[in-house]
Amino acid sequence: MQLKGGESLPYPMFHYSTIPLSHSPKGSLHQGRVMRQARPIWQEGIRVGLIGGIVAVLLSLIGMVEAFSQRDIISNVVSMGHTLLLLVAVFMGYLAAKRTTQTEPLWILVNSFISGLMIGGLLALLVIVGSLINLRKVFVNAMPILYELLTFKQGTQIGVFLLLGAGALSGILAGLFYFSPPLARRVLINSLGSIVMAGVLQDLLYPTFALWGPLAVINEWLFTANGLTLHGAIGLFILVAAFSYFWAKRGSSIRTGLRGLPPKGQRLLKITSLLILIIILLALPQVLGLFLSEVLTIVGLYVLLGLGLNIVVGFAGLLDLGYVAFFAIGAYTMAVLTSPELGFFSLSFWGALPFAIFMGVMSGVILGVPVLKMRGDYLAIATLGFGEIIRILVLSDFLRPWLGGAQGIGKIPKASIGGFEFAGPPQIYYLILVGCLLVAFVSLRLRDSRLGRAWMAVREDEDVAQAMGINLVATKLLAFATGAAFSALSGAIFASKLSSVYPHSFNVMISINVLCLIIVGGMGSIPGVIVGSIALVGLPELLREFAEYRLLVYGAALVAMMLLKPEGLWPEEVRRRELHGAESVETEPKSVSDSKPSK
Amino acid sequence: MLKRWRERITPTDIAMWLIGGIILAVIIWGSAATLTTGRYTLYHWFDFLIFGLAQGSIYALIAMGYTLVYGVLRMINFAHSEVFMSGPYTAYYVAAAFYSSGFLDRQPILCLVIIFLVSMATSTLIAFLLERVAYRPLRTAPRLIPLITAIGASFFLQYTFRGLYGSGFQAYPVVKMMEGQIVFGEFRILRIQAVVIVAAALLLAALYSFVQRTRVGKAIRAVSEDKEASLLMGINIDRMIVTTFIIGGMAAGAAGVLYALMFKQVHFFMGFIPGIKAFTAAVLGGIGNIPGAMLGGIFLGLVESIGPSLFLDGLGIVAPYQLKDAIAFIMLVLVLIFRPTGILGERLATKKA
């Protein structure tokens, strides 16, 4: 027995000395951490380069590079397709330089160099694989012309080396860009950005300049049939660079100078800027021509829709995904009451408009009642259902004698005042402008009213709002009704603008678009709705020729926007604080997520 | 007692019950009228039933993805319909290659297994990337923001796949083994529908037992119950969320192949309608509730296939089948009026609302 006790003596020694080192999970975890600290210096470059390379290959395979190559930024020098890839390479090189843990300038540069090389390398790999196997069986856009573009028309062998070289070069450029002083960086971004913008928006700028005699000279100097002229691009670069340099040096002093004006002067400034804004708004369709006026009217209709949904979602926090239903109801009421095709009534636009809005309000209340008790996502899916029900009913053969079925209703008369007919887009623009101003004014006044405050209380916390004596039923129904009224107004104008209505114009995508635009603009913010419509409806319309990639870019932009700037482009002050408050003030992240608007 | 009861009833309640009552009355009246005309025989109803079951079980599989993700993240993963689309669309190229080489006819089972695996792998990859790139940075953001991100990701994925594979419809190759009918005495079942029902039932059972029986499943349930408490219990929340997306992706990939085999075509936009339907199904059953999603999916499938003929035909409505989606959504509204948290209710109803 004694011996056994003695035998047990070395056991603890064994236990402490060997087991923890080799078998304990803690030991290996520790080793792992050590490993991570001693990671190779080029790791970030390889990782970022890999992501960038995959993005570049994807851009090529989905056909964006090729489609964009048909447009030149600078005529016969740089095409949009190449610019796209260059942007990816430079951005990723910059990111590699920024993200790496290295501090030595040389190694930072090496990292961005490697990331550029990787991007070039993966594209080269695509070219090599593409020349060996026919990828077109699966990827429809892997066409010979893509490889030609990627290899700069030099054939596979030389092209691969060119690609590698171009990638590496753009990586180094990005690294150098990272080291350049902030002022130089800003000037460079502004001027290069303006060249790209001028190239991309050529179809917008050229006809606009052409309308005005003296400005037409600019056209001659700046544009060719496809892209900017070389001297035009250089001139623009110098001009913008000089201006942004000047602004960076002097801008703040000008701004403080303006702020230092006496109150009377400031009021004068405000009034003059407002007047200028009004004059610009009034003159826009005359200046911009037919196509752009059309774009403006579409943006305007979305502003109307957005202002309406802003009340429901932005103010009252009721997530409504079936908002298109009211748009459809407005449009169809207008159509049924005015169109001679059906022959029930033949009211004029102005005669039918009150009915359209009234129908909107009524349907807002009727569809609002069943969902009063639902919250959050249940509300979202139920309203989505309403939107679909309305569309399907309108489309069906069952209601065809009354609503026209799949063929829709035609011959809806245009609106007119006195002898002035709102016929084409440049005229309808004024109708929509008046509508927008009216609705913006109403929602601005509503926001600060007792009702508006009640809406916001409901948004923040339904139960507390009810405890404070807010009548939830009336408040919510008023939100639905007001939103529906604005939407119906938009629908009525839409019907008269197109002179016809089809069920396919009222799909769920419109609801989703409107929701996206108010969130991108900044939820609850009235100027935000306008900014959001311009960004999400106007810009894509301008890039119509890339229609295939419009929604792709739109989707990517939405994701990027939500990741980087979730409060929107023009946020309401409260919401900005809510989203960024967690960083500055020490609050629990949970308290931020708890104050979500769609309770 | 009665007085107290009367005081608690508000005009809204009355209005809601009225709306619900009217819908119910129309349904009952329509059904009675249809059944008395006797336009449809028992065999017709049986066909509707089987088709509804097949479609419903596909909805149920997709709805699993919605409901699991909703459970752990409290967000509508709007891009799940694209997860559903990506699998069968990618697997189409494998299937087409098998078909043209004649391998599909020689080894149909092996080919189908490979097609399923490819589809599930693609969907899983997409779901994984979606979580990693788009949703993970937004864990603490207010609720609408992940929703918009999901909508954006949905657009992005749709049009990326359109760019990659083209914008046309692709006809899925026909598996000869699955053509024809199985005859049970008087009743006949299309073989493909039987395959879909059996495969979906197996998958659903596997999923359910995975979530209910395994350690990982338990951890997922714990995360959806209470994130902080499960963190304290030593559960790696990030890993569980990723696992949830992966499971949802696998279910969606499998559902996608079943859908493609049943309807015999794929398209970059094919995910949209089934996605919305499956989400509706998840809400119908009580979102966040796994048996609820299955039940909701099958209920929705049945309503869609039987509903138009049963409810509307007797009312003399022209072309009732056009209204099947409207019926599905009216059912949803009806269920939500009487049971605002879905058929089976939410597990965590109070906390989440």
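The structure presented is a predicted model; accordingly, all values stated were derived computationally and were not measured.

Looking only at helices and strands, chain B has 15 helices and 4 strands in total. Relative to the 2.2 N^0.38 estimate, which gives 20 Å for 353 residues, the radius of gyration of chain B is 22 Å and therefore close to what a compact globule would have. When burial is assessed residue by residue, chain B has 53% of its 353 residues classed as buried.

So, on to the confidence of the model for chain A. Fine structural detail should not be taken from predicted coordinates in areas where pLDDT scores are low. Residues and elements named next belong to chain A. Averaged over chain A, the pLDDT score is 79; the fraction of residues at 70 or greater is 88%. Of all helices and strands in chain A, the one with the weakest mean pLDDT is helix α3 (residues 19-22) (37), whereas helix α23 (residues 472-498) scores best (91). Confidence over residues 1-36 falls short of pLDDT 50; this stretch has 3 contacts with residues more than four positions distant or in other chains. Note that pLDDT drops below 50 for residues 582-599; the model gives that stretch 30 contacts with residues more than four away or on any other chain.

Residues and elements named next belong to chain B. For the pair helix α8 (residues 191-213) and helix α11 (residues 237-263), interaxial distance at closest approach is 10 Å and the crossing angle is 175°. One way to sum up the angle between α8 and α11 is to call them roughly antiparallel. Mapping the contact onto sequence places Ile 192, Val 196, Ala 199, Ala 200, Leu 203 and Leu 207 in α8 and Ile 247, Ala 251, Ala 254, Leu 258, Leu 261 and Met 262 in α11. Its residues assigned to classes, the contact of α8 with α11 shows 12 nonpolar, no polar and no charged.

All names here are of chain B. Direction of pairing for strand β2 (residues 181-184) relative to strand β3 (residues 187-190): antiparallel, over a ladder of 4 bridges. When the bridges of β3 are listed, Ile 182 appears paired with Ile 189. Where β2 folds back on β3, the antiparallel hairpin that results is connected by 2 residues, among which Gly 185 adopts a positive phi of roughly 55°.

Next up on the list: the interface of chain B and chain A. Taken together, the contact between chain B and chain A spans 48 residues of the former and 49 residues of the latter. Secondary structure elements with two or more residues in the side of chain B that touches chain A: α2 (11-37), α7 (144-165), α12 (272-285) and α14 (324-338) of chain B. Sort the elements by how many residues they give to the side of chain B that touches chain A and α7(B) lands first, with 15 residues.

Take the domain arrangement of chain A next. All names here are of chain A. Partitioning chain A into domains gives domain 1 (43-255) and domain 2 (276-582). Of note, the centres of domain 1 and domain 2, computed from C-alpha atoms alone, are 38 Å apart. Each partner contributes residues to the interface: domain 1 has 7 residues there, and domain 2 has 8 residues. Looking at the side of domain 1 that touches domain 2, the elements with two or more residues in it are α6 (64-69) and α12 (202-211). No other element matches the 4 residues that α12 contributes to the side of domain 1 that touches domain 2. Residue composition of the side of domain 1 that touches domain 2, by class: 6 nonpolar, 1 polar and no charged.

Moving on to the packing of α12(B) against helix α13 (residues 290-312) of chain B. Two packed helices can be described by the angle between their axes and the distance between those axes. Residue and element names in this part refer to chain B. Here α12 crosses α13 at 120°, and the two axes come no closer than 7 Å. With respect to α13, the element α12 is oriented oblique. The handedness of the crossing between α12 and α13 comes out as right-handed. Contacts between α12 and α13 involve Lys 277, Ala 278, Thr 280, Ala 281, Ala 282, Leu 284 and Gly 285 from the former and Gly 292, Ala 293, Leu 295, Gly 296, Gly 297, Phe 299 and Leu 300 from the latter. Per-class residue counts for the contact of α12 with α13 are 8 nonpolar, 5 polar and 1 charged.

For A:Leu117, the position within the fold is in helix α8 (residues 105-132). Not counting the four nearest positions on each side in its chain, A:Leu117 is found in contact with A:Gly49, A:Leu164, A:Gly167, A:Ala168 and A:Gly171.

Let's shift gears to the confidence of the model for chain B. Residues and elements named next belong to chain B. Mean pLDDT over chain B works out to 85, with 97% of the residues at or above the 70 mark. Mean pLDDT values over the elements of chain B span from 42, in helix α15 (residues 349-352), up to 91, in α11. Contacts of residues 348-353 to residues separated by more than four positions or lying in other chains number 7 contacts, the stretch itself having pLDDT below 50. Scored as a complex, the prediction yields pTM 0.82 and ipTM 0.81.

Parameters and conventions
- Residues numbered from 1 in each chain as written.
- Chains lettered and ligands numbered in written order.
- Predicted model: local features only at pLDDT ≥ 70, side-chain atom pairs only at ≥ 80, totals over all residues.
- Helix = DSSP H or I, 4+ residues; strand = E, 2+ residues; numbered from the N terminus.
- Rg over C-alpha atoms; globule rule 2.2 N^0.38 Å.
- Buried ≥ 20, exposed ≤ 12 C-beta atoms within 10 Å, placed from the backbone.
- pLDDT = per-residue confidence, 0-100.
- Contact = placed C-beta atoms within 7 Å.
- Axes fitted to C-alpha atoms, helices over the stretch in contact; angles between N-to-C directions.
- Parallel < 35°, antiparallel > 145°, perpendicular 65-115°, else oblique.
- Nonpolar A, V, L, I, M, F, W, Y, C, P; charged D, E, K, R; others polar.
- Pairing = 2+ DSSP bridges.
- Domains from an automatic or database assignment.
- Left-handed = near helix turned anticlockwise from the far one by under 90°.

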